[in-house]
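Each chain, written out:
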Amino acid sequence: MSTQTSNSPSIAIIGAGMSGMLMAIKLIRAGKTNFTLFEKAKKIGGVWRENRYPGVACDVASFSYCYAFEPKSDWTRRFSGGAEIQAYFEHVAKKYNLEKYLKAETLVTDATFTDGEWVVTTDKGDTQRFTLLVDATGPLNNKIYPKIDGIDSFDGKMVHTADWDDNYDYAGKRVGIIGSGSSGVQATWPIAQKASHLTTFIRTPQWIMPTPNPHYSEFQKMLKRQFPFLGWITRKFYDWIGEQFGRAALNDGWRRKGVAKWCESNLNSIKDEALREKLRPDHQAMCKRMIVSENYYDAMQQDNVHVERNDITGIEKNGVRTADGQLHELDMIVLATGFHPNTWGVESIHGPNGVSLDSVWNKGEEKSRNYHSIGVPGLPNFFVLIGPNSPITNLSLIDIADIGVDYVLKCLEKFDNGEISTMAPKASAATAFGESLMTSFDDTIWVTGCSSWYFDGSTVPQTWPWAPSHFRETLKEPRWDDYEIT
């Protein structure tokens with residue numbers, strides 16, 4: 001354990017979701033407490049605090065979606081619901097007394113690297129200086145509200161899935177869901193069970209992988225409490241499953257063919273041929289984010305559910321108008337329209353000489369704007385957890401964050417020992433990484449012709465074109481020759 005001194009590097013962590021909490025806790029476990037955890041909301045949790053829509057759940061198995069050093073033996077289901085995951089993170093936060101380091105309801109509006117330090121400014125008008133800046137806001141934090149004519153004219157209830165109104169009762173109401181991604185799919189079954197009528201507006205059908213989500217019995221929970229090794233084995237099993245699934249996206253072969261056959265078989269479970277074809281995607285499975293569900297197609301076959309494939313032309317006082325001229329009268333509209341990817345969560349980040357993160361990312365040379373998903377050239381002492389081109393499509397986000405946090409801790413040791421004062425990825429190292437990305441996606445499923453948010457305006461997907469094990473190896477140790485160091 002490192003000894004905390006008055007000269008220990010100070011660290012700003014932006015975001016108190018899963019990855020920001022992990023950074024903070026691992027610092028505490030290493031005996032380094034000279035950090036501040038900034039959070040724009042009232043409490044920790046990130047995506048699990050904000051996403052409370054009916055049916056919200058993790059698509060990573062419960063025993064894999066928790067911190068390895070804080071296992072939970074009494075998960076209730078194979079894939080846990082959002083409320084249970086949020087409760088887990090709140091429990092862990094309390095155990096490590098994160099409130100002591102947390103600045104809640106505090107939005108970081110600007111971070112500027114000046115005179116060898118990051119000057120962090122908040123919406124309260126306060127400024128603090130830090131040695132290191134860790135962006136832990138996650139790849140998806142800025143909600144997308146669709147640009148639909150008349151969207152503000154609707155007289156009923158309208159909510160985004162990430163801004164759910166827990167007090168609104170949709171039982172017996174006419175509900176419309178706009179969007180067919182993960183949140184739209186997850187919300188369909190529970191809403192269909194209570195609404196008098198549900199209309200799902202689908203522009204692009206998705207492939208759905210049938211994944212049963214059984215409850216764990218009290219006996220199973222007792223066994224894992226009594227024998228923690230069983231929980232560890234369960235985690236390793238699901239990690240292995242995840243690795244196989246990740247490899248299916250990378251190379252054509254038995255894994256990819258198996259996933260495609262599994263999804264096709266699930267689609268064929270729809271008895272009505274016309275409905276089946278309405279829901280048939282025009283791309284290969286896994287080209288977009290793979291969606292898992294045990295009951296989506298069951299919901300779509302209910303008498304009170306209507307699938308609408310005509311384009312939306314506008315929203316009116318009483319509902320949604322589609323291109324065929326029909327007005328779908330609704331009491332509630334659910335915007336399952338997702339998030340803007342890679343928006344960083346901070347309005348303004350500037351390095352020396354006025355270099356901004358926005359200019360590097362959006363206006364710079366694409367192949368030289370990112371270093372191993374963890375850093376950005378021109379921005380010293382700046383680290384991104386679950387950054388662009390991290391393996392978000394073939395590895396659990398909690399594992400990606402864990403790998404990134406350990407990388408930051410190894411860099412921090414150099415600061416703590418007085419060996420370095422600043423480090424920033426060399427432009428040449430970022431370019432080398434970018435060029436390797438450009439030539440490594442050819443066999444992957446993501447470039448087979450579909451349009452997805454993975455591209456984010458780029459010519460290559462913003463994910464990792466190699467196996468998850470390659471990501472672990474790449475970030476196992478910092479490559480000091482790839483950095484400009486003072």
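Here, every reference points to the structure presented above.
Residues numbered from 1 in each chain as written. Predicted model: local features only at pLDDT ≥ 70, side-chain atom pairs only at ≥ 80, totals over all residues. Heavy atoms only, no water.

(A) Representation of the layout of surface pockets within the structure. When its volume is computed, the second largest pocket comes out at roughly 480 Å³. Broken down by secondary-structure element, the contributors of at least two residues to the lining of the second largest pocket are helix H6 (228-250) and helix H11 (397-416). Looking at which element gives the most residues to the lining of the second largest pocket, the answer is H11, with seven residues. (1 Å grid on protein atoms, 1.4 Å probe; cavity = no way out; pocket = protein on both sides within 12 Å on 5 of 7 lines; lining within 4 Å. Points joined across faces, edges and corners; volume = space filled by probe spheres on them. Helix = DSSP H or I, 4+ residues; strand = E, 2+ residues; numbered from the N terminus.)

(B) Representation of the sheet that holds strand S10 (residues 174-178) within the structure. Reading across from one edge, S9-S18-S10-S11-S14 is the order of the five strands in this open sheet, with parallel pairing throughout. The open sheet has two free edges, formed respectively by strand S9 (157-160) and strand S14 (305-308), since each of these has just one partner strand. Averaged over all adjacent pairs, the angle separating strand axes in this sheet is 15°, with direction ignored. In this sheet, strand S18 (residues 332-335) lies alongside S10 in parallel orientation, the contact comprising four bridges. Along S18, the bridge assignment pairs Val175 with Met332. In this fold helix H4 (residues 182-194) packs onto S10, strand S11 (197-201), S14 and S18, with an angle of close to 170° to the strand it touches most, S10. (Pairing = 2+ DSSP bridges. Axes fitted to C-alpha atoms, helices over the stretch in contact; angles between N-to-C directions. Contact = heavy atoms within 4.5 Å.)

(C) Focus on the pattern of salt bridges. A full pass over the atoms with the stated rule returns 29 salt bridges. Across the pair Lys32 and Glu413 runs a salt bridge, and its minimum N-O distance is 3.6 Å. Highlighted residues: Lys32 in the loop between helix H1 (18-29) and strand S2 (35-38) and Glu413 in helix H11, separated in sequence by 381 residues. On the basis of relative accessibility, which here comes to 6%, the residue Lys32 falls in the buried class. Note on Glu413: relative accessible area 31%, which makes it partly exposed. When the shortest N-O distance is used, the salt bridge between Asp155 and Lys317 registers 3.9 Å. (Salt bridge = Lys/Arg side-chain N within 4 Å of Asp/Glu carboxyl O. Buried < 20%, exposed > 50% of the residue type's maximum accessible area, 1.4 Å probe, protein only.)

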